[in-house]
Amino acid sequence: MTAGDAISIAASVRSGERSATDVLEEHLARIAEREPELHAFNLLTEEHARAAATAVDERVASGDDPGPLAGVPVAIKDNICTRGVATTCSSRILEGWKPPYDATVVERLAAAGAVMVGKTNLDEFAMGSSTENSAFGPTRNPVDPTRVPGGSSGGSAAAVAAGFAPVSLGSDTGGSIRQPAALCGVVGVKPTYGTVSRLGLVAFGSSLDQVGPFAATVADAALVSEVIGGHDPGDSTSIAAGFPDVSSRLGDGVAGLRVGVVTELTGEGTTPDVAARVRAAADALADAGATVEEISLPSVRYGLSAYYLVATAEASSNLARYDGVRYGLRVEAPTTGEMMELTRTEGFGDEVKRRIMLGTYALSAGYYDAFYNKALKVRRLLRNEFDAAYRSVDVLVSPTSPTTAFPLGARSDDPMTMYLSDVCTIVSNLVGHPAMSVPYGEGDNDMPVGVQLMAPALGEPTMFRVAAELERSLR
Amino acid sequence: MSPTPPMSPTQPTSTTVDLDVWEIVIGLEVHTELATATKLFSSAPNHFGGEANTNIDPLTLGLPGSLPVLNEQAVELAIRVGLALNCTVQRSTFARKNYFYPDQSKNYQISQFDLPINVDGSLELPDGKVVGIERAHLEEDTGKTTHVGGGGRIHDAQHSLVDYNRAGVPLLEIVGRPDLRSADEARAYVSELRSVLVAVGASDGKMEEGSLRVDCNVSVRRRGEEEFGTRCEIKNINSLRSLGRAVDYEAARQVDLITAGDRVEQQTRHWNEDEGRTTLLRSKEGSDDYRYFPEPDLVVLDPGSEWIERVRAELPMLPADRRHRLVEQCGAGVEQAALVVERGLDELCLAAVAAGADATRTLTHAEHNLSDGRSVELDPGSFAALVKMELDGSLSATQAKTVLAELVAHGGDPTEIAAVHGFEAMDSSELDGLIDALISNHPDEWQRFCDGDGKVTGFFVGQVMKATQGKADGKVVTGLLRDRAG
């Protein structure tokens, strides 16, 4: 049997050993088998994929190199624009809309020879932690289909965990890549803010959003990060530097690295089985030559509140454009104002409405200073605290999620408990730093546990080195 | 039919305000479209007119996933205007102004709020008055909505159409301080501002195409009072004439309210040009909460001193400096300098004077005989030669005017043009004979002239002109007559 990781697939396709078409058909067969049960995809793009695979094969036949992801099937979260292919954000309000452009990350994947197999399910507009807030029904966890895959990028996490594609793209505003990666037992990366273009990513919280990869291996995640990363003049928040070289550093080991385990994220609220796996990971790093210490980041406890003010405030503005005037759903009414109101009432789900209302309130006259401005102060405070921490350690370690995957419906009626799923991940978005989740064994219920690694801005090389070491330690 | 907002409960009874008792306070907000090739945040063309929804792209339509990228040319023009208005150009940020309206595709406008690019400037009017400029900031324009049916109003239209061609066009909003005190001053301010904007190449200054839009804040107070009165903002002013009328109407309305014992309520009012009055659009209590917050899709705009200084070095001479130069170098009067600069004839006059023309005569021609737009093309050398011919008596004032008109229309050599017209220098011996004959033929009139009756001067000059077919110089003739009268 041939290895199923992206790097192996690309190598065999580039060498002519396997055809991209064969690789694709294998994956489509796997999708046909389990997709009805899991619902990872909002849309399968088989025809598009077959054409792309054929093009890759023709390039190989003519002696061209199709690129580092030659013939690698990828699944794309359905809030990332794909030219001529419906992009719904799992919302009724965008039903029928087909973007006239590809997101920069999609362009870069295609240019590297990757083959898109479909658009994956998500919590509506990426607002949620379980993929249950999709207008098109929930996605199920491939490890245990009675449980959620996490969210909001649950479809992309499930697609990789189920072997539908070796790699996929998600977006991470407060943990939407890392948390589902942890719950599904795959690798998920949120890169440094500004290293991966947001052009073509449908905005949720613009100052927090980043696109990043899911993969079964650390090396695949590194490669996809490098392919999609790098400066894009079409995104003003894109930094000038290219994406750091991470792939060549994966074998460097962790000897001499300083690892800090975040006290505030491993104590109260974290289930004992998850805490035990984080300790095991820390021990493995110590065994490999790293120095491990506990480190306290007191302001982390303000993170959740600050996050839900900033993210909702930006969302309330970002989602204002869905009004029925230009595209997507329109509910007809006698006047323009009523048309907009009815369209938004029918087009958005409850969680989206809840967040639009929260954000609108946070920005309102008289409340701005008490809420939004205070949240900005917390962001500065957190940044200072992290900067100080990184003077004594190279990477930080915590659980990715305080718990393993929970059953479908378990938290649907309790938004606050659902929001707490993000407590470990949101701080990285608030400070703009890179973070990733690496699978590290199972919890008491045999569900996967993810360990979160955090690093300073552009600290991806070190972060990936540590991730690769954790991966090795499990073999 | 044009929209007719609800009538104001109190209509003014007086048409003019007693300016001995009342002082009118005016502050203007002028929006100017910047003359860039593309929009403020995208590469869609910035072009007036055209078929609806042709100058658009994903950002203009607010499509999901589109992002703004700041137009460098718009920033350069904003800096140019800022420097021309003596502003401090500073590190600035963008913010989102949130409100729902179909002509605004994102349902928020990207504008500058707490940190605008230009602050604390001034504009000198032709009469020397200096008006403060609070700020001049960048923002994007909206599209245009047309309401079909129901009288063209959004409230009861059958349907509405939106044209996004204008959406995203770069605007500079120039906020003046409340330093203006009359309709005339308000007009002079807008006129001067327009000259500056055109001079620095920031705008074509066309009010009728909406390149320049004026919102006018008016309040009144009794003379001697220090506190400003409550102001009303007037929108829909589409010409300088409307601006003057709107100010006068609004000031009178407010004075009437106060005189009647009412108070002025802070309102936004609509100028109705046909009816010559302002009507209520909305009162402050009903104003929107725009929920401004920093635009997360854009980074801080910090042009840096190098860029600013380069723009400063490249600035053309501004109208006020050009007026000063004309006064200093040619002895022009204040109003004369204003007119000549407004016509763009100052360079021509200076060049003609440099070529030896008499300054006073040159300016007089520019003021009275060069209203034709083509006059700027006049060759300074020919202009100077003409002025010299006039001054040395080879051409009369009337003849000079004729030759000048021809120079403007077709160019050429003034000497040749004069020859073609048969304008030849009349030497005074010819005139002497004519005048002596006139005196002897009209003894009564001559007696009156000698008695100091100025009215008959015209008679004699007219007769000489008739006899010489206009070749004689009226001033010379008058001189000869005076000589004879002793």
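The residue numbers shown here count from 1 along each chain, following its written sequence. To label them, take the chains in the order written and letter them from A, then take the ligands in the order written and number them from 1. In keeping with the model being predicted, local features are shown solely for residues with a pLDDT of at least 70 and side-chain atom pairs are shown and tallied solely at 80 or more, while totals for entire chains, interfaces and linings include all residues. Side-chain measures here rest on the full set of heavy atoms in the structure, leaving out hydrogens and waters.

Thoughts on the overall build of chain A
Per the convention used, a helix needs a DSSP run of H or I reaching at least four residues, while a strand needs a run of E reaching at least two, with both numbered from the N terminus. When helices and strands are tallied, chain A shows 16 helices and 11 strands. For the C-alpha atoms alone, the extent of chain A along its principal axes is close to 65 × 55 × 45 Å. Looking at chain A as a whole, 62% of its 475 residues are labelled buried. Note on definitions: a residue-residue contact is assigned when non-hydrogen atoms from the two residues lie within 4.5 Å. Counting only contacts in chain A whose residues sit at least 6 apart along the sequence, the fraction spanning at least 24 positions is 76%. Between buried and exposed lies partly exposed: a residue is buried under 20% and exposed over 50% of the maximum accessible area for its type, with that area taken using a 1.4 Å probe on protein chains only.

Focus on the overall build of chain B
Broken down by element type, chain B carries 15 helices and 14 strands. For chain B, the C-alpha radius of gyration of 29 Å lies well beyond 23 Å, the compact-globule estimate for 486 residues. By principal-axis analysis of the C-alpha atoms, chain B measures approximately 90 × 55 × 45 Å. The 486 residues of chain B split such that 49% are buried. Taking all contacts inside chain B whose residues are at least 6 apart in sequence as the whole, residues at least 24 apart take part in 69%. Where accessible areas are quoted, they stem from the Shrake-Rupley method and a 1.4 Å probe; at the residue level, only the protein chains shown are allowed to cover. A total accessible area of about 22100 Å² is found for chain B, and carbon and sulfur atoms account for 49% of it. Charged residues are defined narrowly, with Lys and Arg counted positive, Asp and Glu counted negative, and His plus the chain ends left uncounted. For charged residues, the charge sits on one atom: NZ in Lys, CZ in Arg, CG in Asp, CD in Glu. Each charge class in chain B was averaged separately, 48 positive and 77 negative side chains, and the resulting centres sit 4 Å apart. Throughout, radius of gyration means the C-alpha value; the globule benchmark is 2.2 Å times the number of residues raised to the power 0.38.

Some details on the packing of helix H2 (residues 20-38) of chain A against helix H3 (residues 46-61) of chain A
Residues and elements named next belong to chain A. The geometry of H2 relative to H3 is characterised by a closest axis approach of 8 Å and an angle of 155° between their N-to-C directions. In terms of axis orientation, H2 runs roughly antiparallel to H3. Along the contact surface, H2 presents Ala20, Thr21, Leu24, Glu25 and Leu28, while H3 presents Glu46, Ala49, Arg50, Ala53, Thr54, Val56 and Asp57. Here the residues of the contact of H2 with H3 sort into 6 nonpolar, 2 polar and 4 charged. Helix axes are fitted to C-alpha atoms over the stretch in contact, other axes to C-alpha atoms as well, and angles between N-to-C directions run from 0 to 180 degrees. The cut-offs work like this: below 35 degrees is roughly parallel, past 145 is roughly antiparallel, 65 to 115 is roughly perpendicular, and the gaps in between are oblique. Residue polarity follows a fixed list, in which Ala, Val, Leu, Ile, Met, Phe, Trp, Tyr, Cys and Pro are nonpolar, Asp, Glu, Lys and Arg are charged, and the others, Gly among them, are polar.

Topic: helix H1 (residues 72-84) of chain B
All names here are of chain B. What a helix should span is 1.5 Å times the count of its residues minus one. For H1, built from 13 residues, the straight-helix expectation of 18 Å at 1.5 Å per residue is met to within 8% by its first-to-last C-alpha distance of 18 Å. Counting buried residues in H1 gives 10 out of 13 residues, a clear majority hidden from the surface. All buried positions along H1 are accounted for by Ala74, Val75, Glu76, Leu77, Ala78, Ile79, Val81, Gly82, Leu83 and Ala84. Buried residues belonging to H1 abut strand S2 (88-89), strand S5 (118-124), strand S6 (130-140), strand S9 (170-176), helix H2 (183-199) and helix H4 (304-314). Any pair of N or O atoms that falls within 3.5 Å is considered a polar contact. Within protein, one atom must be able to donate a hydrogen and the other to accept it, and sequence-neighbouring residues count only if both atoms are side-chain atoms. By the N-cap criterion, in which a side-chain oxygen at the helix start approaches the backbone nitrogen of a residue two or three places on, H1 is capped by Asn71, the distance to Gln73 being 2.8 Å. The positive-phi residue at the C-terminal boundary of H1 is Asn86, with phi of around 60°.

Section: the pattern of salt bridges
Two side chains with opposite charge may pair up if their charged atoms get near one another. A pairing counts as a salt bridge when a side-chain nitrogen of Lys or Arg comes within 4 Å of a carboxyl oxygen of Asp or Glu. Summed over the entire model, instances satisfying the criterion amount to 51 salt bridges over all chains. As a salt-bridge pair, Arg147(A) and Asp144(A) come within 3.1 Å of each other at their nearest N and O atoms. Given the relative accessible area of 17%, Arg147(A) is considered buried. Here the residues in one salt-bridge network are Arg198(A), Asp235(A), Arg96(B), Glu295(B) and Asp297(B), joined through shared partners.

Regarding the environment of Arg355(A)
Residues and elements named next belong to chain A. Assignment of secondary structure puts Arg355 in helix H12 (residues 350-363). In this structure Arg355 comes out as buried when scored by relative accessible area, which is 2%. Residues Arg355 and Ala313 lie 42 residues apart in sequence; the distance between their C-alpha atoms is 8.2 Å. When residues no more than four places from it in sequence are discounted, the contact partners of Arg355 are Met127, Gly128, Phe204, Tyr308, Thr312 and Tyr419. Here the side chain of Arg355 touches Glu351 through a polar contact of 2.7 Å, side chain to side chain.

Brief notes about the domain arrangement of chain B
Residue and element names in this part refer to chain B. Marked domain ranges trace back to an automatic or database domain assignment. Considered domain by domain, chain B is made up of domain 1 (22-311), domain 2 (321-420) and domain 3 (428-485). Between the C-alpha centres of domain 1 and domain 2 there is a distance of 39 Å. Each side of the interface is counted separately: domain 1 has 5 residues, and domain 2 has 4 residues. When domain 1 packs against domain 2, the two sides together hide about 380 Å² of surface, and 38% of this comes from carbon and sulfur. Values labelled buried area give the accessible surface lost by two parts on being combined, using a 1.4 Å probe and summing over both. Ranking the residues of domain 1 by area buried against domain 2 places Glu124, Pro126 and Glu192 at the top, with a combined share of 78%. Across the contact surface, domain 1 and domain 2 share 1 salt bridge. Taking the shortest distance from any N to any O, the salt bridge between Arg323 and Glu192 comes out at 3.0 Å.

Describing unusual backbone geometry
A cis amide bond links Gly151(A) to the next residue, Ser152(A), at an omega of 10°. Along the chain, Ser152(A) falls in the loop between strand S3 (115-120) and helix H5 (154-161). A positive phi angle, near 65°, is found at Leu458(A), a position not held by glycine. With respect to the secondary-structure elements, Leu458(A) resides in the loop between strand S11 (448-454) and helix H16 (460-473). You will see that Asn107(B), though not glycine, has its phi angle at about 60°, which is positive. Here Asn107(B) is to be found in the loop between strand S3 (95-98) and strand S4 (108-111). Asn107(B) gets classed as buried once you look at its relative accessible area, which sits at 1%.

Considering the packing of aromatic side chains
What describes a pair of aromatic rings is the distance from one ring centre to the other and the angle between the planes of the rings. All names here are of chain A. Centre distance within 6.5 Å is the pairing criterion for rings of Phe, Tyr and Trp, where only the six-membered ring of Trp is used; planes under 30 degrees apart are then read as stacked, over 60 as edge-to-face, and the remainder as tilted. The full count for this structure, using the stated rule, is 23 aromatic pairs over all chains. For the ring pair Tyr307 and Tyr308, a centre distance of 4.9 Å and an interplane angle of 85° mean the geometry is edge-to-face. Put simply, the rings of Trp97, Phe125, Tyr322, Tyr327 and Phe348 pair up and form one aromatic cluster. The rule is short: NZ of Lys or CZ of Arg within 6 Å of the ring centre and within 35 degrees of the ring normal puts a charge over the ring. If you follow Arg411 out to its NZ or CZ, it ends over the ring of Phe406, 4.0 Å from the centre.

Observations concerning the interface of chain B and chain A
If you look at the interface, chain B gives 33 residues, while chain A gives 40 residues. Between chain B and chain A lies a buried interface of about 2700 Å² when both sides are counted; carbon and sulfur atoms form 58% of it. Counting the surface chain B buries against chain A, the share from its top three residues, Pro64(B), Leu67(B) and Arg291(B), is 22%. Here chain B and chain A share 1 salt bridge between them. In this structure, the salt-bridge partner of Arg198(A) is Asp297(B), at a minimum N-O distance of 3.1 Å. At the surface where chain B touches chain A, the tally comes to 18 residue pairs in polar contact (both at pLDDT 80 or more). Only S3 and strand S14 (293-294) of chain B provide two or more residues apiece to the side of chain B that touches chain A.

Quick notes on the environment of Ala365(A)
All names here are of chain A. With respect to the helices and strands, Ala365 occurs in the loop between H12 and helix H13 (369-389). The exposure class assigned to Ala365 is exposed, which follows from its relative accessible area of 55%. Once the C-alpha coordinates of Ala365 and Met340 are considered, the two residues, 25 residues apart in sequence, prove to be 23 Å apart.

Observations concerning the pairing of S3(B)
All names here are of chain B. Burial along S3 is two-sided: Ala95 and Lys97 facing one way and Arg96 and Asn98 facing the other are all buried. Both S3 and S4 contribute to a ladder of 4 bridges, which runs antiparallel. Counterpart to Asn98 in the pairing with S4 is Tyr108. Alignment of S3 against S14, held across 2 bridges, turns out to be antiparallel. Looking at S14, one finds that Arg96 is bridged to Phe293. DSSP calls a pair of strands paired once it identifies at least 2 bridges connecting them.

Concerning the pairing of strand S7 (residues 258-262) of chain A
All names here are of chain A. The buried count for S7 comes to 4 of 5 residues, which makes it a mostly enclosed element. Note that S7 and strand S8 (residues 291-295) share 5 bridges and pair parallel. Looking across to S8, one finds that Val261 is bridged to Glu294. Direction of pairing for S7 relative to strand S9 (residues 395-399): parallel, over a ladder of 3 bridges. Opposite Val259, over in S9, you have Val395 as the bridge partner.

Looking at the nonpolar core
Soluble, globular proteins show a tendency: their nonpolar side chains are buried together. Residue and element names in this part refer to chain A. Core analysis: the largest hydrophobic core is formed by 79 residues, its most contacted members being Leu69, Leu109, Leu453 and Phe464. With 7 residues, the top contributor of residues to this core is helix H7 (residues 218-228). Among all residues touching Leu69, those that are not within four sequence positions of it are Ala6, Ala10, Leu109, Ala112, Gly113, Ala114, Leu223, Val224 and Val227. The criterion is simple. A nonpolar core is a set of buried Ala, Val, Leu, Ile, Met, Phe, Trp, Tyr and Cys residues joined through side-chain atoms within 4.5 Å.

A few points about helix H10 (residues 300-318) of chain A
Because each turn of an α-helix spans 3.6 residues, side chains separated by three or four positions in sequence point in the same direction. Residues and elements named next belong to chain A. Helix length check: H10 (19 residues) gives 26 Å between terminal C-alpha atoms against 27 Å at 1.5 Å per residue, within 8%. If you look at H10, its biggest bend is around 30°, right at Ala306. Judged by how many residues are buried, H10 sits mostly within the fold: 16 of 19 residues are covered. Two axes enter the definition of the bend at a residue: one is fitted to the seven residues ending there, the other to the seven starting there, and the bend is the angle between them.

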